[in-house]
Amino acid sequence: MKMPALTSRTRRATAILIFFTLAATAFASVSLDDTAKVLAGFSPAPGSPLEPLTADAGWKNQAANFAQTWQRFEERQLSRVRRWAERELPAVRNESPVLYYTFSGPDIVYGNTFFPDCRTYVLCGLEPVGSVPDLQSLGSGRLGPALGRLYGSLKTVLALSFFKTKDMGSDF
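Rules and cut-offs
- Residues numbered from 1 in each chain as written.
- Predicted model: local features only at pLDDT ≥ 70, side-chain atom pairs only at ≥ 80, totals over all residues.
- Heavy atoms only, no water.
- Helix = DSSP H or I, 4+ residues; strand = E, 2+ residues; numbered from the N terminus.
- Buried < 20%, exposed > 50% of the residue type's maximum accessible area, 1.4 Å probe, protein only.
- Contact = heavy atoms within 4.5 Å.
- 1 Å grid on protein atoms, 1.4 Å probe; cavity = no way out; pocket = protein on both sides within 12 Å on 5 of 7 lines; lining within 4 Å.
- Points joined across faces, edges and corners; volume = space filled by probe spheres on them.
- Nonpolar A, V, L, I, M, F, W, Y, C, P; charged D, E, K, R; others polar.
- Core = buried A, V, L, I, M, F, W, Y, C linked by side-chain atoms within 4.5 Å.
- Arc of directions from axis to C-beta.
- Salt bridge = Lys/Arg side-chain N within 4 Å of Asp/Glu carboxyl O.
- Pairing = 2+ DSSP bridges.
- pLDDT = per-residue confidence, 0-100.

1. A few points about the overall build of the chain
Then, in step 1: A count of helices and strands for the chain gives 7 helices and 2 strands.
Then, in step 2: For the chain, the succession of helices and strands along the chain, N to C, is α-α-α-α-β-α-β-α-α.
Then, in step 3: In the chain, which comprises 172 residues, the proportion classed as buried is 25%.
Then, in step 4: Within the chain, counting contacts between residues at least 6 apart in sequence, those at least 24 apart form 48% of the total.

Below, the structure written as C-alpha cells:
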C-alpha cells in the first residue's frame, strides 16, 4: 500500500507536535541528580520540576539542619580521615581507578573520602537497593517530615561513623 505524500503543512504540524510532546516529556521528567540534590538539602538544577519543593518551609528547615550536621561530620571525622589518607595512602590512591566497597550504604562516604579520585565505585551490600522516591508525589506539608525521617536515619553514621543495620527497619 502506497502512503500518500505529506504536504509541507502536514510535515510542519507533525514536527511541531513531536517537538512539543518531547519538550513536555523532558520538562516533566525528574533527573536522579536533582532528586539526590533535594534529598541532600541542595537546590536542584534551575528549571527542574523539583525546584518548587525548595520553597517548602519543611525542606528549608531540614536542609539547614542537614548542612549543620554535615559540617560537624566534616570537621570531626572526614577532615581527619582525609588528612590520614593523603599522608598514608598516596601511592594506592593514585593507582586505584576502581574501588570495590563491600560496606556500601550511607557509610560509602568513607570509601569516597579514602579514595576520592576513583573513576568507578563498585558497591555491595546485603540490603535491597529499593527505589528512587517520587518527591513530586508528596503532598503539601509532607516533604519536611519525610526528610526528617531520612536525616534521622543518617544520624548514626554521621555521629558514630558506622551504620546500625538493625535500626534501618524502624527508620521508615
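Once you've had a look at it, read on.
2. Observations concerning the layout of surface pockets
Then, in step 1: The computed volume of the second largest pocket comes to approximately 170 Å³.
Then, in step 2: Lining the second largest pocket are 10 residues; nearest its centre among them are Asn65, Thr69, Arg72, Lys155 and Leu158.
Then, in step 3: The set of elements that each furnish at least two residues to the lining of the second largest pocket consists of helix H3 (57-88) and helix H6 (143-160).
Then, in step 4: With 6 residues, the single largest contributor to the lining of the second largest pocket is H3.
Then, in step 5: Considering only residue class, the lining of the second largest pocket consists of 4 nonpolar, 3 polar and 3 charged.

3. With respect to the nonpolar core
Then, in step 1: Ranked by internal contacts, the top residues of the largest apolar core, which has 23 residues, are Trp59, Phe73 and Tyr110.
Then, in step 2: Elements with a contribution of two residues or more to this core: H3, strand S1 (98-101), helix H5 (108-114) and H6.
Then, in step 3: No other element matches the 7 residues that H3 contributes to this core.

4. Some words on the side chain of glutamine 62
Then, in step 1: Here glutamine 62 is to be found in helix H3.
Then, in step 2: If sequence neighbours within four positions are ignored, glutamine 62 has contacts with Gly144, Leu147, Gly148 and Tyr151.

5. Some remarks on helix H2 (residues 32-39)
Then, in step 1: When we look at burial in H2, the residues that qualify are Asp34, Thr35 and Val38. Projected down its long axis, H2 carries its buried residues within an arc of 100°, all on one side.
Then, in step 2: Looking one or two residues past H2, glycine 41 carries a phi angle of roughly 90°, positive in sign.

6. Brief notes about the pattern of salt bridges
Then, in step 1: For the structure shown, the criterion picks out 3 salt bridges.
Then, in step 2: One salt bridge connects lysine 37 with aspartate 33, and the closest N-O pair in it is separated by 3.3 Å. Here the residue lysine 37 and the residue aspartate 33 both occupy positions in helix H2, the gap between them amounting to 4 residues, near one helical turn.
Then, in step 3: Among the residues examined, aspartate 33 registers a relative accessible area of 46% and is labelled partly exposed.
Then, in step 4: Salt-bridge contacts for arginine 82 lead to glutamate 74; the nearest nitrogen and oxygen are separated by 2.6 Å.

7. What to know about the pairing of S1
Then, in step 1: Side chains of S1 alternate between two faces, with Leu99 and Tyr101 buried and Val98 and Tyr100 left unburied.
Then, in step 2: Where S1 lies against strand S2 (residues 120-123), 4 bridges are found, and the strand directions are parallel. Counterpart to tyrosine 100 in the pairing with S2 is valine 122.

8. Thoughts on the confidence of the model for the chain
Then, in step 1: Put simply, the chain has an average pLDDT of 78, and 74% of its residues get 70 or more.
Then, in step 2: Contacts from residues 3-7, a stretch scored under 50 in pLDDT, to residues over four places away or in other chains number 1 contact.
Then, in step 3: In the predicted structure, residues 9-27 sits below a pLDDT of 50 and forms 3 contacts with residues beyond four places in sequence or in another chain.

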